[in-house]
Each structure stands twice: as structure tokens, then as C-alpha cells.
Amino acid sequence: RAPLLAPEERQLLEAVYAEGLTMSRVADLAGVNRRVMSRRIGRIVSRCLSPEFTFVASRLSRWRGTRRAVGRACVLHGLSQREAAERLGLSLHVVRRHCHAIRGMVEELT
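Predicted model, so just to flag it, every value in this text is computed and none were measured.

Basis of the calculations
Residues numbered from 1 in each chain as written. Predicted model: local features only at pLDDT ≥ 70, side-chain atom pairs only at ≥ 80, totals over all residues. Heavy atoms only, no water. Helix = DSSP H or I, 4+ residues; strand = E, 2+ residues; numbered from the N terminus. Buried < 20%, exposed > 50% of the residue type's maximum accessible area, 1.4 Å probe, protein only. Contact = heavy atoms within 4.5 Å. Areas by Shrake-Rupley, 256 points an atom, 1.4 Å probe, with all protein chains shown as cover. Salt bridge = Lys/Arg side-chain N within 4 Å of Asp/Glu carboxyl O. Patch = residues over 30% accessible without salt bridge, like charges linked within 9 Å, V, L, I, M, F, W, Y side chains within 5 Å. Lys, Arg positive; Asp, Glu negative; His and termini not counted. Charge placed at Lys NZ, Arg CZ, Asp CG, Glu CD. 1 Å grid on protein atoms, 1.4 Å probe; cavity = no way out; pocket = protein on both sides within 12 Å on 5 of 7 lines; lining within 4 Å. Points joined across faces, edges and corners; volume = space filled by probe spheres on them. Nonpolar A, V, L, I, M, F, W, Y, C, P; charged D, E, K, R; others polar. pLDDT = per-residue confidence, 0-100. Axes fitted to C-alpha atoms, helices over the stretch in contact; angles between N-to-C directions. Parallel < 35°, antiparallel > 145°, perpendicular 65-115°, else oblique. Left-handed = near helix turned anticlockwise from the far one by under 90°.

### Quick look at the overall build of the protein chain
- Along its length, the protein chain carries seven helices and zero strands.
- Starting at the N terminus and ending at the C terminus, the protein chain contains elements arranged as α-α-α-α-α-α-α.
- Dimensions of the protein chain, computed from the C-alpha atoms along their principal axes, are close to 40 × 30 × 20 Å.
- The buried share of the protein chain, taken over its 110 residues, is 33%.
- A separation threshold of at least 6 residues defines the contact pool for the protein chain, and within that pool the share at least 24 residues apart is 51%.
- Summing over all exposed atoms, the protein chain offers an accessible surface of approximately 7000 Å²; the carbon and sulfur share of this is 50%.

Okay, here's the thing in C-alpha cells:
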């Protein structure tokens, strides 16, 4: 699932899980507190293991346009709806509507 993450998140996971660096070493390299880095990596891992991430990853190639962009930004890359709206040049309402639809589709499967 790492290839679906934003590049900076993928690099963090690879440093810890593929290269075997300690959390303290990764935090030192990034210039942040070890606890901050530990929480950040924990959030990334939780997101990757979530049913929503799996659902979007498996369906992303079937979606077009805005739904695909919002799914990638909010679910796969973990952006807030506001951040996604700004980066994608969409209104917050449009992003919120697509996120709600995605969550609805995930709930139908569970």
C-alpha cells in the first residue's frame, strides 16, 4: 500500500520498516521529537490499514475526475477536506460531498 501514499509518508514508512531505522533516528533526521514522529507514523499506518483506504485503493482506477482526485487526496494521502479543496482548486462543499459518498460506499460493504 505504500506506493499509494504521498511521497514523504512513503519515505517515513520505508525508513522505519524497510531500512530498519529506529523511530528516534528518523525523528532526529526530520528534526522533530520522537513522540511526534511516533504518532505521525502510527497515524499513517492506521490509515493504510483502514477499510476506507483499502476500498479507495481498489476502486480508484474506476473513478474519474473529481471523485478520483478527492479519494486520492483525502483517503490515500490523508489530507483534510479543507487542504484537499485548496490543493485541488475545489470548493469545500464539493470535497465534503465526495468524501461523504465514499464513506457511504464503504459502509455499504461492511
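### Some words on the pattern of salt bridges
- Counting across every chain of the model gives one salt bridge.
- Arg 47 is the partner of Glu 9 in a salt bridge, and the nearest nitrogen-oxygen pair spans 2.4 Å. Highlighted residues: Glu 9 in helix α1 (residues 7–18) and Arg 47 in helix α3 (residues 34–49), separated in sequence by 38 residues.
- Residue classification places Arg 47 among the buried residues on the basis of a relative accessible area of 17%.

### Thoughts on a positive patch on the surface
- Together, Arg 34, Arg 35, Arg 39, Arg 40 and Arg 43 make up a region of like positive charge exposed at the surface.
- Residue placement: Arg 40 occurs in helix α3.
- Taking the relative accessible area as the measure of exposure, Arg 40 reaches 34% and is therefore partly exposed.

### Some words on the layout of surface pockets
- Quantified by volume, the largest pocket comes out at close to 250 Å³.
- Lining the largest pocket are 16 residues, with Ala 6, Glu 8, Glu 9, His 77 and Leu 79 positioned closest to its centre.
- The element that contributes the greatest number of residues to the lining of the largest pocket is α3, accounting for four residues.
- Its residues assigned to classes, the lining of the largest pocket comprises six nonpolar, two polar and eight charged.

### Examining the confidence of the model for the protein chain
- In this model, the protein chain carries a mean pLDDT of 94, and residues with pLDDT of at least 70 account for 100%.
- Per-element confidence in the protein chain is highest for helix α6 (residues 81–88), whose mean pLDDT is 98, and lowest for helix α2 (residues 23–30), whose mean pLDDT is 91.

### Some details on the packing of helix α5 (residues 65–76) against α6
- Where α5 contacts α6, the axes come no closer than 9 Å and their chain directions differ by 135 degrees. Looking at the two axes, α5 sits oblique to α6. Relative to α6, the crossing made by α5 is right-handed. In contact with Ala 69, Val 70, Ala 73 and Cys 74 of α5, α6 contributes Gln 81, Ala 84 and Leu 88.
- Looking at the contact of α5 with α6 residue by residue, the class counts come to six nonpolar, one polar and no charged.

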